[in-house]
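# Observations on chain architecture
Chain by chain, the residues run as shown.
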Amino acid sequence: MAAFLRARRERLDPRDFGLPSRRQARRTSGLRREEVAELAGVSVDYVVRLEQGRGLRPSANVVEALARALRLTPDERAYLFNLARQRPRDADEPATVAAPPLARLVADLSPLPAMLMNHRYDILAWNGEMARLLLDFDTLPPAQRNAMWLCLMRPEMREVYVDRERVVREGIAHLRTAWAAHPEDRALTDLITEFTTHDEDFARLWSERDIKVNGRGRKVMRHPDIGVIAVQFEVLMPLQDPDQQLVIYRAADDESWSALDRLRAR
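The notes below deal with the structure included here. (Residues numbered from 1 in each chain as written. Predicted model: local features only at pLDDT ≥ 70, side-chain atom pairs only at ≥ 80, totals over all residues. Heavy atoms only, no water.)

## Focus on the nonpolar core
Ranked by internal contacts, the top residues of the largest apolar core, which has 43 residues, are Met115, Phe137, Met221 and Tyr249. When sequence neighbours within four positions are dropped, the list of residues in contact with Tyr249 reads Leu112, Pro113, Met115, Met130, Leu133, Tyr161, Lys219, Met221, Val231, Gln232 and Phe233. Membership of the second largest hydrophobic core comes to 21 residues, among which are Ala40, Tyr46, Ala60 and Phe81. (Core = buried A, V, L, I, M, F, W, Y, C linked by side-chain atoms within 4.5 Å. Buried < 20%, exposed > 50% of the residue type's maximum accessible area, 1.4 Å probe, protein only. Contact = heavy atoms within 4.5 Å.)

## With respect to the environment of Ala230
Of note, Ala230 is situated in strand E4 (residues 227–236). As for Ala230 and Asn127, which are separated by 103 residues in sequence, their C-alpha atoms are 19 Å apart. Discounting residues that sit within four places of it in the chain, Ala230 has contacts with Arg218, Lys219, Val220, Arg250, Ala251, Ala252, Asp253 and Ser256. (Helix = DSSP H or I, 4+ residues; strand = E, 2+ residues; numbered from the N terminus.)

## Re the sheet that holds strand E1 (residues 114–117)
Read from one edge of the open sheet, five strands run E2-E1-E5-E4-E3, paired in antiparallel fashion. Of all the strands in the sheet, the pair left with one neighbour each is strand E2 (123–126) and strand E3 (216–223). Within the sheet, the average angular offset between the axes of one strand and its neighbour, ignoring direction, is 30°. Relative to strand E5 (residues 245–251), E1 is paired through four bridges, and the arrangement is antiparallel. Counterpart to Met117 in the pairing with E5 is Gln245. Together, E3, E4 and E5 form the strand contacts of helix H12 (residues 254–265), whose direction differs from that of E4 by roughly 95°. (Pairing = 2+ DSSP bridges. Axes fitted to C-alpha atoms, helices over the stretch in contact; angles between N-to-C directions.)

Rendered as structure tokens:
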């Protein structure tokens with residue numbers, strides 16, 4: 001960490017900060033330690049001790065301040081947090097619109113049902129196969145395009161999952177993990193409050209405080225046209241857009257493959 005902080009300080013141009021270059025007065029390139037300390041709101045002695053590797057472990061707030069002062073890129077910022085053994089606060093707003101390359105990928109995954117969600121379970125993009133399997137999302141107001149909201153609040157969706165309690169329990173465990181990771185996300189907090197207030201099953205399961213991120217599994221579903229179908233699901237998180245989760249369904253057995261083929265033919 002000491003070497004990284006020194007290297008990033010020395011690569012900065014004082015003129016980018018409105019500081020006189022004073023090349024002759026500077027023994028090294030880049031900003032001085034006292035300038036970084038002022039920008040980060042810490043003492044010069046603290047910066048010196050960090051750069052000398054004298055056993056300090058800066059807090060998350062100090063790491064964030066240093067990242068801003070040194071104008072680190074998102075990847076560099078994450079690296080500094082890892083070096084400091086701290087957990088970064090989310091710098092970006094939660095994704096509410098699908099990244100265009102991911103939206104195209106969802107479409108290209110046909111004939112496999114696929115959709116894109118954020119950490120709240122908001123459905124950001126979907127292909128035709130997923131809409132035919134679950135629901136025509138185009139007919140819904142944007143506020144209702146949320147997988148958990150549909151499962152809990154939309155009457156016809158309450159009977160879709162054969163093992164509904166397990167599906168809801170796993171969804172709640174994911175939401176609790178997301179809630180802890182995104183304490184600044186007021187919309188997520190409001191959504192959880194709505195579910196707790198209006199759905200007894202959610203309130204009961206939420207109080208159990210289960211924690212789980214389920215990226216792979218099996219669901220058995222009832223479809224009004226093709227009957228019971230079993231799917232295997234996979235959740236993938238793109239490196240470039242980690243708040244967007246790609247969900248892909250595959251038929252879990254031969255009968256389900258045939259049922260999906262019939263659904264596509266319709």
